[in-house]
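Residue-level structural notes
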Amino acid sequence: MHSTGCLLVLLHSFLGYSHILQGPQSAAVLLHSDALFNCTLSKPWVIMTWLLKGRTVLTVLSATGPVVTDPRFTSRNNTESNAFTTELIISNVSLQDSGVVMCDLQNNGTKEANLSVQVNGSLQITNHSLTVLQDHSTAIVCQASNWYPEPKITWMLNKTWADPQNYTTDSTLSTDFYDTTSTLRLAPSSDVTIVCVASIPALPEPQTTTVNLRVTAEHTKPSNDKTVLIAVTVTVSAVALIVLIIVGIVFCCKKRTSAKSSYQEEMRKVSQSRSPNGQNSKTPQIQGKNNLGFSAENISGNLEIHGSHDTGNTTAALEQVPDVIQTNNERHYPVNPKKIKQATVV
């Protein structure tokens, strides 16, 4: 048997038979990048082909080299003493290129690999507020949009991997892409750096987004500070207004009282400056005669004149006013205050 096997090998070598020493390896690449596949053949070989999803995309001849029919599919060759390696290059891959890649050594076998074209979309933490109360539970949401395939989401807290039991992940497939949402729940006691990590096989390094979560004590809530400040401001303003009103009222009352006192003082001075009989002491005394015995009982006028047209005589009757007596603050009356004098003029 041993001699028979050796004979077959020698016969294949003499007749030019070859085989595939190492076939291509599966690859995951990002959209619009290049995909590379290697196939190593033993010598001597005559012709080999590359197929993508069952379609021949490149033919390589040992005598003349590659026969290019599509510029997106080219090759590089490397020849060694006992082997020949051909490398298939697929440029600017698209999602439609995903599928089986085959190395076919004509009449001597094939080797297959899988091409996966992947897409890394956007990644962001969607929380609007990144300030929480100390030891209060909060939810941090990470959104991965337009990924293919479905990304794997994990979390890091202060450079330490978070427990998977503390977050949940949900994905939906929309047309050709996945939208994935992951929600992390935690109750931090101090500030923490949070990292959302998304990964797919085609990414050399996972895609990340980072936020800093600030933790505040409950009594330092900004809303409470504003409420207290407003209340204090309103109270102080009201007290100040009341004080100003009271001061204004007191000032007006004092001014009015002062004016009244000044007026009364002036009147008192004027009264003191008058004589006992009520006349101003500064006014010169008017000397005259006081008729203290005057009576208006029989007076009909200051003067009565009776005229007669027949006789031509005029008689004037005068009522005699009681004699005036000079007095110096003493009361003296005449003996007969009612004495009447009459005079007849011819």
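Reading guide: rules and limits
Residues numbered from 1 in each chain as written. Predicted model: local features only at pLDDT ≥ 70, side-chain atom pairs only at ≥ 80, totals over all residues. Heavy atoms only, no water. Disulfide = S-S within 2.5 Å. Helix = DSSP H or I, 4+ residues; strand = E, 2+ residues; numbered from the N terminus. Buried < 20%, exposed > 50% of the residue type's maximum accessible area, 1.4 Å probe, protein only. Pairing = 2+ DSSP bridges. Axes fitted to C-alpha atoms, helices over the stretch in contact; angles between N-to-C directions. pLDDT = per-residue confidence, 0-100. Contact = heavy atoms within 4.5 Å. Salt bridge = Lys/Arg side-chain N within 4 Å of Asp/Glu carboxyl O.

This next bit is on the state of the cysteines. One pass over the structure, following the stated rule, counts two disulfides. Across a sulfur-sulfur distance of 2.0 Å, Cys-39 and Cys-103 are joined as a disulfide pair. Here the disulfide of Cys-39 and Cys-103 is left-handed, its torsion about the S-S bond being about -75 degrees. Separated by 64 residues along the polypeptide, Cys-39 in strand 3 (residues 35–42) and Cys-103 in strand 9 (residues 99–105) bring together distant segments of the chain. Its relative accessible area of 0% is what places Cys-39 among the buried residues. Accessibility expressed as a relative area gives 0% for Cys-103, which makes it buried. Each disulfide of the protein chain joins two cysteines, and with those cysteines numbered along the sequence the arrangement is 1-2, 3-4. Cys-252 forms no disulfide, and the closest cysteine sulfur to it belongs to Cys-253, at a distance of 6.9 Å. For Cys-253, a relative accessible area of 44% translates into the label partly exposed.

The next thing to look at is the sheet that holds strand 10 (residues 110–118). Remark on secondary structure: sheet strands pair via backbone hydrogen bonds, oriented parallel or antiparallel. Taken in spatial order, the six strands make up an open sheet running 2-10-9-4-5-6, and their pairing is mixed. Whereas interior strands pair on both sides, the edge strands pair on one side only; in this sheet they are strand 2 (27–30) and strand 6 (65–68). Shown here is a sheet whose adjacent strand axes are inclined to one another by a mean of 25 degrees, direction ignored. By the bridge criterion, four bridges tie strand 5 (residues 55–61) to strand 6 in an arrangement that is antiparallel. Bridge pairing links Leu-58 to Val-68 in strand 6.

Here we take up the confidence of the model for the protein chain. When pLDDT is averaged along the protein chain, the result is 79, and 69% of the positions lie at 70 or above. In this model, residues 1–15 is a region of pLDDT below 50 whose contacts with residues beyond four sequence positions or in other chains number three contacts. For the stretch residues 337–341, pLDDT sits under 50, and the model shows nine contacts to residues farther than four places along the chain or on other chains.

We now examine the pattern of salt bridges. Applying the stated criterion to the full structure yields two salt bridges. A salt bridge links Arg-72 to Asp-97, with the nearest nitrogen and oxygen atoms 2.5 Å apart. Separated by 25 residues along the polypeptide, Arg-72 in the loop between strand 6 and strand 7 (73–79) and Asp-97 in the loop between strand 8 (83–90) and strand 9 bring together distant segments of the chain. The partner of Arg-76 in a salt bridge is Glu-87, and the shortest N-O contact between them spans 2.6 Å. In this pair, Arg-76 is assigned in strand 7 and Glu-87 in strand 8, connecting sequence segments eleven residues apart. The exposure class of Arg-76 is partly exposed, given its relative accessible area of 48%. Judged by relative accessible area, Glu-87 falls into the buried class, the value being 15%.

Time to look at the sheet that holds strand 1 (residues 20–22). Read from one edge of the open sheet, four strands run 1-3-8-7, paired in antiparallel fashion. The sheet is open, and its two edges are formed by strand 1 and strand 7, each paired on a single side. Within this sheet the neighbouring strands show an average axis-to-axis angle of 30 degrees, counted without direction. Examined bridge by bridge, strand 1 and strand 3 share two bridges and lie antiparallel to one another. Residue pairing for strand 3: Ile-20 is matched across the bridge by Leu-41.

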